[in-house]
Amino acid sequence: MPFIACQAQKTFQMKNKNTFEQKIKVLLKQMTIEEKVGQMNQYNGFWDVTGPAPEGGSAEKKYEHLRKGWVGSMLTVRGVEQVRAVQKIAVEETRLGIPLIIGFDVIHGYKTLSPIPLAEAASWDLNAIKKSAETAAAEASASGINWTFGPMVDISRDARWGRSMEGAGEDPFLGSKIAVARVQGFQGDDLSSPTTIAACAKHFAAYGFSESGKEYNTVDIGTSTLHNIVLPPFKAAVDAGVRTLMNSFNELNGVPATGNVYLQRDILKGKWGFNGFVISDWASLNEMITWGHAKNKREAARLAALAGSDMDMEGYVYIEELAQLVKDGVIQEAILDDAVSRILRVKFELGLFDDPYKYCDEKREKETVGSKKAHEAVLDMAKKSIVLLKNQNKILPLKKEGQKIALIGALASDKNSPLGSWRIAAENNTAVSVLEGMQQYKGNELLFEKGSEFFIGDSNFLQEVKINTSNKSGVKEAVATAKKADVVVMVLGENGFQSGEGRSRTELDLPAIQQELLEEVYKVNPNIVLVLNSGRPLSINWADKHIPAIVEAWHLGTETGNAVAQVLYGDYNPSGKLPMTFPRNVGQVPIYYNYKNTGRPTNKDNNVFWSHYSDVEKTPLYPFGHGLSYTTFEYSDVILNGTSFKIGDDVDVSVTLKNTGKVTGKEVVQLYIRDLYASVTRPVKELKGFELVKLKAGESKTIHFTLNKETLGFYDNDGTYVVEPGDFKVFIGGSSITTLETDFKLVD
Ligand code: BGC
């Protein structure tokens, strides 16, 4: 180790957190402009890419820059051996020995995969979601990683947008709670623990509002949507102590997020007082040029730095331009000092200066990655994520004995698709398939037929999935098998790589020839349980009309087949609720429960002049918050502790929930409000509370909620939070279309 690096290590091996700021100052004084810029530079590793290959990013150059201390972070380097190798260069071969922070997309698990985030959100189970993030952090940190690019907290109302799978759905209240659970799960109480990692709330901001659901598209939204819908989960993550944010590929109202002073300086670092750092998205600094905002790289560097983008992900913009901009006096060195301080602060908090190799323990890696504990945790999460959409004639749960069951669909035996989209560290084909899960129930005869091929060739993270639209071989066999069966289980939907980044769709029905297969099978045996796989809401009108039981099983990760089988056979009673509205057809999209009333909401005069469609009902196929159980629940006695309240008072709301069925079950009790008149119109319903309640058959429980200043107000068009006097309705029930209601007044 060179002498100077030893010095640096000694200087910074002081444990007391209160002195981080002093240490940062000391270190900044020693750093050259190039070394400061280096801290703001992040390179992708030498193996996997998660975006377009950049110009000039040769491995040789990356090593050279690493040795000069011109790299502050690397992404997609994984495994103790690889991480140790790059960290060793940073710590032992550079002048100051500043350790790297190692980032990775730990989005729904690391190697042992959890359900995709949208599926996890369907559990509405904050403890489980937090635990899932904890499990992911334990695995990733054992593999050398100390920073995840998650959680994604983008609100999405548009199922066409492929990245809907990566967020928590359409609602800012639920989204905020889940953002907090995930941040807490990743970061724990102590960031310096070797089993926790820094989290990153992304993508700041409004990426989910990409026009027409088209990936990387422009976003043009008003202040009301920005402040009330888009920003709350970010704010919640910041308040929960998230240490980093990632900005986004989109422009917001004409200004790319990466160069957006309003978002990053005024709101995030100003109003919200965020003292962690902001990373760009993959080469998003360069994309400011393509957007037509920056003339060249120099200008992109200037705009991004001034706007508060602290680290450049694989863009080569800061490393090429920033030092010169400072030397030319175009950018003040104080801008660099601020960015570098933020980055160093997180490195100190992680304890990297105390021990840069703390995440590089081969023994822990062996014991933790892929452990039994991790498998149990993702199985638990997978079961909790399943949503029972329909269960006519109680066809589910399946009887465990004496049945002939036909299992049909290429997805039923697929061990790759259920892994979902973000799974760089997982081996291909490592999910338990539905076929394997169901084979464990030996009391029935199980007959399997693919029905038809779903896609052609390979499906992978980088390429489009090539859908089979013509080869119908296998349909006949499937129909023949279905004919012999008592019950048919069909696993249909999307391939795991049909949602995620770069995977927007304009059709939301069953792809390939699956619809045809479903209808053919239905003709010979209508006793069908449809298990849907998807990374987004689908429009499945025909299925809803004809198929008696429908289960939304998303992409549930490594333990998919076990989770699905346990739910189908009733060993687990489903309790998931939709975090995103299912449309009747794609023309309804964006469709969401918290819409505005309009001036003509109903058909009063029996003519066409009201807000509706001529060709389809305006209601969704399945509303936000919908999900059934193998038991039934009854709601009664919505009681408030008054009828009129002063602004600032607590409004206590209680409701009685009874399990009226025959088995134990869990229900997500949902509370919505409607603010009837306001200076800025309010949605017809807004979720403001929920509780997951477990009840035995026949059992009742009174559930209490409190509404207060934090939940009864909204952001006005200047972005100021206001609580206005007025009339409010309160709705409670098991989905967003509940009609059980009461009301109160709020007075000055
Ligand atoms: C995605 C980010 C991701 C990054 C690094 C980008 O393409 O938008 O969400 O974290 O790549 O893999």
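The structure contained in this document is the topic of the report that follows. No experiment lies behind these values; they were computed from the predicted model shown.

Attention now goes to the sheet that holds strand β19 (residues 651–659). Read from one edge to the other, the open sheet built from three strands follows the order β17-β19-β22, with strand pairing classed as antiparallel. With one partner strand each, in any of the chains shown, β17 (633–640) and β22 (700–707) form the two edges of the open sheet. Direction aside, neighbouring strands of the sheet carry axes that sit 20 degrees apart on average. Here β19 pairs with β22 via eight bridges, running antiparallel. Directly across from L657, in β22, lies its bridge partner K701.

Bringing the packing of helix α10 (residues 261–271) against helix α12 (residues 297–307) into the picture now. The geometry of α10 relative to α12 is characterised by a closest axis approach of 8 Å and an angle of 25 degrees between their N-to-C directions. The angle between the axes of α10 and α12 places the two elements in the roughly parallel class. Across from V261, Q264 and R265 in α10, the residues of α12 making contact are A305, L306 and A307. For the contact of α10 with α12, the per-class residue count stands at four nonpolar, one polar and one charged.

With that settled, the discussion passes to the pattern of salt bridges. If charged atoms from side chains of opposite charge come close, those side chains can pair. Per the stated rule, a full pass over the model turns up 42 salt bridges. A salt bridge links E299 to R302; the shortest N-O distance between them is 2.9 Å. Placement of the pair is E299 and R302 together in helix α12, with a separation of three residues, close to one helical turn. Here R536 makes a salt bridge to E494, at a shortest N to O gap of 2.5 Å. Here the residue R536 occupies a position in the loop between β15 (528–533) and α20 (541–546), and E494 occupies one in the loop between β14 (487–493) and α19 (514–524), the gap between them amounting to 42 residues. For the pair R536 and E494, a shared accessibility class is recorded, and that class is buried. Among the charged side chains, a salt-bridge network with shared partners connects D105, R163, E166, K202 and E501.

Looking now at the packing of helix α9 (residues 223–239) against α10. It is at 12 Å that the axes of α9 and α10 come closest, and there the two elements cross at 55 degrees. In terms of axis orientation, α9 runs oblique to α10. In terms of crossing hand, the pair formed by α9 and α10 is right-handed. In contact with L226, H227, L231 and V238 of α9, α10 contributes Y262, L263, I267 and L268. Its residues assigned to classes, the contact of α9 with α10 comprises seven nonpolar, one polar and no charged.

Parameters and conventions
- Residues numbered from 1 in each chain as written.
- Predicted model: local features only at pLDDT ≥ 70, side-chain atom pairs only at ≥ 80, totals over all residues.
- Heavy atoms only, no water.
- Pairing = 2+ DSSP bridges.
- Helix = DSSP H or I, 4+ residues; strand = E, 2+ residues; numbered from the N terminus.
- Axes fitted to C-alpha atoms, helices over the stretch in contact; angles between N-to-C directions.
- Parallel < 35°, antiparallel > 145°, perpendicular 65-115°, else oblique.
- Contact = heavy atoms within 4.5 Å.
- Nonpolar A, V, L, I, M, F, W, Y, C, P; charged D, E, K, R; others polar.
- Salt bridge = Lys/Arg side-chain N within 4 Å of Asp/Glu carboxyl O.
- Buried < 20%, exposed > 50% of the residue type's maximum accessible area, 1.4 Å probe, protein only.
- Left-handed = near helix turned anticlockwise from the far one by under 90°.

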